[in-house]
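Residues per chain are reported as follows:
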Protein chains: 2
Amino acid sequence: MISHAEENYLKAIFKISEKEAKAASTNAIAAELQTTAASVTDMLKRLAEKNLIAYEKYRGVELSGEGNRLATALIRKHRLWEVFLVEKLGFAWDEVHDLAEQLEHVQGDDLVDRLDNFLGHPKFDPHGDPIPDAQGRWAFRPQSLLATLKPGDRGVVTGVDDHSAAFLQYLDQLGLTLGAQLELIERIPYDQSLRIRTQDGREITLSEKVGHNLFVKI
Amino acid sequence: MISHAEENYLKAIFKISEKEAKAASTNAIAAELQTTAASVTDMLKRLAEKNLIAYEKYRGVELSGEGNRLATALIRKHRLWEVFLVEKLGFAWDEVHDLAEQLEHVQGDDLVDRLDNFLGHPKFDPHGDPIPDAQGRWAFRPQSLLATLKPGDRGVVTGVDDHSAAFLQYLDQLGLTLGAQLELIERIPYDQSLRIRTQDGREITLSEKVGHNLFVKI
DNA sequence: AATAATTTTTAGACTTGCCTAAAAATATTT
DNA sequence: AAATATTTTTAGGCAAGTCTAAAAATTATT
């Protein structure tokens with residue numbers, strides 16, 4: 001049996017490995033989970049003992065096959081619950097993270113698969129993140145950071161890199177939710193600000209930071 | 001903040017107090033939660049400390065107003081999730097208890113009320129148990145144990161006292177699910193067995209035990 | 001009312017998961 | 001390469017929640 005705490009560590013390690021493409025460090029895990037390096041070291045020993053990670057002192061960790069399988073299942077659960085909360089219960093996309101964080105730990109034989117079925121097998125969650133299927137396969141969808149578009153390029157908002165409520169609410173306010181169309185007018189050389197036209201013809205200026213946190217499909 | 005373990009104790013005390021109409025004993029709580037009397041004593045001290053129960057050594061416990069409020073909210077959550085699992089995800093009534101036991105601990109501002117709304121404000125769960133509303137008010141529905149009917153009485157199955165999977169599956173097999181109509185033909189004096197006629201005209205014999213665990217509305 | 005049986009509590013220990021402070025190892029600078 | 005800075009681990013401790021075994025209190029029996 002695996003505890004909630006252990007599950008959270010696996011997910012954190014998965015998340016870090018995904019970005020960094022190298023072994024996850026103790027400090028990175030501590031930062032991700034808002035805990036201390038000492039606590040992380042404690043837990044890494046336990047996870048290594050259970051063969052869920054490959055751990056070498058001072059060298060960081062990587063998930064084992066089983067650890068990867070568990071982390072993927074957890075992300076699947078998290079994202080399916082997010083879809084449920086938004087699509088069925090009417091929560092906003094910036095309100096669902098903490099709830100899904102709890103719901104993903106609910107254990108039950110075919111709960112996830114029934115939920116998946118009930119929701120119509122969604123491939124992406126309310127933030128545009130892919131939902132792995134029951135076999136752990138990830139959907140792929142070509143997308144680019146808004147910051148990489150060239151003036152004149154048109155795109156559709158497909159996801160976010162920053163999942164903070166502050167960013168999501170700002171996007172709501174701008175009308176830049178998933179599916180919104182936009183066109184890059186120009187990039188200001190001085191500070192890399194981006195002038196875009198929205199689908200209803202408004203022209204708005206976005207900071208470089210926004211450009212690096214918004215995914216669009218060209 | 002209240003822990004999952006504390007919540008489970010409150011629910012157990014509520015359940016026992018409901019039946020016994022007197023202070024819940026340490027042993028009764030231990031039996032309900034499948035733990036030891038020593039563990040219960042430990043926890044009772046903590047709950048008393050938090051003013052969730054009135055606890056006097058060797059004298060059993062009763063819920064405080066706040067304890068009662070929390071236990072009621074918990075039962076509300078549990079039963080709403082059971083409705084969700086059966087109505088929306090298609091689980092059988094004997095499969096949902098353990099899942100709801102986990103889901104009831106999920107904390108979130110208006111999650112329960114949104115769920116309640118999504119489900120159409122059900123008044124009873126899949127086992128016929130009442131679901132308290134957001135203000136903690138209980139629906140009442142007159143019902144009697146099948147064992148108390150007189151020959152010739154007709155009734156509709158409205159609930160069960162025994163929630164075990166074995167009993168629920170047996171009822172499924174007999175076709176005696178919620179809403180099923182039946183008529184008591186006779187009570188066998190020898191062993192209090194009950195001969196009933198089902199709505200499709202079958203005559204079946206039920207043990208005294210079944211008679212004491214099935215609720216019907218006459 | 002005294003003894004026996006039962007229930008409840010206390011005492012002490014264990015695991016999980018977390019912490020701080022100090023030590024050890026690794027990485028970076030000069 | 002030596003000194004410094006950073007990262008990671010160890011050591012020791014704490015709280016929650018559980019356990020067993022023993023002591024204390026209550027209840028039942030004779």
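Procedures and definitions
Residues numbered from 1 in each chain as written. Chains lettered and ligands numbered in written order. Predicted model: local features only at pLDDT ≥ 70, side-chain atom pairs only at ≥ 80, totals over all residues. Heavy atoms only, no water. Domains from an automatic or database assignment. Contact = heavy atoms within 4.5 Å. Buried area = accessible area lost by both parts, 1.4 Å probe. Salt bridge = Lys/Arg side-chain N within 4 Å of Asp/Glu carboxyl O. Helix = DSSP H or I, 4+ residues; strand = E, 2+ residues; numbered from the N terminus. Expected span 1.5 Å × (residues − 1). Buried < 20%, exposed > 50% of the residue type's maximum accessible area, 1.4 Å probe, protein only. Least-squares fit on C-alpha atoms with pLDDT ≥ 70 in both. Pairing = 2+ DSSP bridges. Arc of directions from axis to C-beta. Polar contact = N/O pair within 3.5 Å; in protein donor to acceptor, adjacent residues only side chain to side chain. Near = heavy atom within 4 Å. Nonpolar A, V, L, I, M, F, W, Y, C, P; charged D, E, K, R; others polar.

Enquirer: Looking at this model, I keep getting lost on the domain arrangement of chain A. Mind explaining?
Expert: It is common to report an interface's size as the accessible area lost on association of the parts. Residues and elements named next belong to chain A. Under the domain assignment used here, chain A contains domain 1 (4-63), domain 2 (76-139) and domain 3 (144-217). Averaged C-alpha coordinates put domain 2 and domain 3 at centres separated by 26 Å. Listed per partner, the contact involves 7 residues of domain 2 and 12 residues of domain 3. For the pair domain 2 and domain 3, the two sides together bury roughly 730 Å², of which 62% comes from carbon and sulfur. Seen at the junction of domain 2 and domain 3, the total is 0 salt bridges.

Enquirer: Is there a simple way to explain helix 1 (residues 4-20) of chain B in this structure?
Expert: Residue and element names in this part refer to chain B. For helix 1, built from 17 residues, the straight-helix expectation of 24 Å at 1.5 Å per residue is met to within 8% by its first-to-last C-alpha distance of 24 Å. Residues of helix 1 that are buried include every one of Glu 6, Glu 7, Tyr 9, Leu 10, Lys 11, Ala 12, Ile 13, Phe 14 and Ile 16, and no others. Against helix 2 (26-33), helix 3 (37-49), strand 1 (53-55), strand 2 (61-63), helix 4 (65-88) and helix 5 (97-103) lie the buried residues of helix 1. At the C-terminal side of helix 1, Ala 21 shows a positive phi close to 55 degrees.

Enquirer: Looking at this structure, how should I read the relation of the copies chain B and chain A?
Expert: The two copies are related by a screw operation: chain B maps onto chain A through 180 degrees of rotation and 0.0 Å of translation along the axis, at an RMSD of 0.0 Å. Seen this way, the second copy is the image of the first under a two-fold rotation axis. Considering only C-alpha atoms, the residue of chain B closest to the rotation axis is Leu 103 of chain B, which sits at 3.6 Å. Of all interface residues in chain B, 100% are interface residues in chain A too; the two copies therefore contact each other through one and the same surface.

Enquirer: Can you walk me through the pairing of strand 7 (residues 203-206) of chain B in this structure?
Expert: Residue and element names in this part refer to chain B. Side chains of strand 7 alternate between two faces, with Ile 204 and Leu 206 buried and Glu 203 and Thr 205 left unburied. Relative to strand 7, strand 6 (residues 194-198) runs antiparallel, the two being bridged by 4 bridges. Paired with Arg 197 across the strands is Glu 203, a residue of strand 7. Linking strand 6 back to strand 7 in an antiparallel pair, the connection comprises 4 residues, with Gly 201 at a positive phi of about 85 degrees.

Enquirer: Can you help me understand helix 6 (residues 111-118) of chain A in this one?
Expert: Side chains that are three or four residues apart share a direction in an α-helix, a result of its 3.6 residues per turn. Residues of helix 6 of chain A that are buried: Leu 111, Val 112, Leu 115 and Asp 116 of chain A. Down the axis, helix 6 of chain A shows its buried residues gathered within 135 degrees of arc, on one side only. Elements that come into contact with the buried residues of helix 6 of chain A comprise helix 4 (65-88) of chain A together with helix 4 and helix 5 of chain B. Two residues or fewer after helix 6 of chain A comes Gly 120 of chain A, characterised by a positive phi angle close to 85 degrees.

Enquirer: How should the side chain of Ser 64 of chain B be read in this particular structure?
Expert: Residue and element names in this part refer to chain B. As for its position among the elements, Ser 64 is in the loop between strand 2 and helix 4. Overall, the relative accessible area of 18% leaves Ser 64 in the buried class. Polar side-chain contacts of Ser 64 include one of 2.8 Å to the backbone oxygen of Asn 51. Setting aside its immediate chain neighbours within four residues, Ser 64 contacts Asn 51, Leu 52 and Ile 53.

Enquirer: When you look at the interface of chain B and chain A in this model, what are you seeing that I'm missing?
Expert: Opposite the 20 residues of chain B that make contact, chain A presents 20 residues. Summed over the shared surface of chain B and chain A, the number is 0 salt bridges. Taken together, chain B and chain A are joined by 6 residue pairs in polar contact (both at pLDDT 80 or more). For the side of chain B that touches chain A, the secondary structure elements donating two or more residues are helix 4, helix 5 and helix 6 (111-118) of chain B.

Enquirer: Help me understand the protein's contact with DNA strand C, please; the structure alone is not making it clear to me.
Expert: Near DNA strand C you find 22 residues, and of these Ser 3, Thr 35 and Ser 39 of chain A together with Tyr 55 and Lys 57 of chain B are the closest. Each atom of DNA strand C within 4 Å of the protein belongs either to a base or to sugar and phosphate, the latter forming 76%. Contacts to DNA strand C include Asp 42 of chain A, whose side-chain N or O atom sits 2.9 Å from a base nitrogen. Here Thr 26 of chain B contributes a side-chain N or O atom positioned 2.9 Å from a phosphate oxygen of DNA strand C. Of all the secondary-structure elements, those providing two or more residues to the surface near DNA strand C are helix 1 (4-20) and helix 3 (37-49) of chain A together with helix 2 and helix 3 of chain B. Broken down by element, the residue count for the surface near DNA strand C peaks at 5 residues, all from helix 3 of chain A. Residues belonging to the surface near DNA strand C are distributed by class as follows: 9 nonpolar, 8 polar and 5 charged.

Enquirer: Before we go on, may I ask you to explain the pattern of salt bridges in this structure?
Expert: Opposite charge on two side chains permits pairing when their charged atoms draw close. Within the structure shown, the criterion is met by 33 salt bridges over all chains. Note that Arg 154 of chain A is salt-bridged to Glu 183 of chain A, the shortest N-O span being 3.3 Å. You can see Arg 154 of chain A sitting in strand 4 (residues 154-160) and its partner Glu 183 of chain A sitting in strand 5 (residues 181-187), a full 29 residues away along the chain. With a relative accessible area of 17%, Glu 183 of chain A lands in the buried category. In this structure, the salt-bridge partner of Glu 32 of chain B is Lys 15 of chain B, at a minimum N-O distance of 3.3 Å. Of this pair, Glu 32 of chain B sits in helix 2 while Lys 15 of chain B sits in helix 1; the two residues are 17 residues apart in sequence, bridging distant segments of the chain. A relative accessible area of 35% places Glu 32 of chain B in the partly exposed class.

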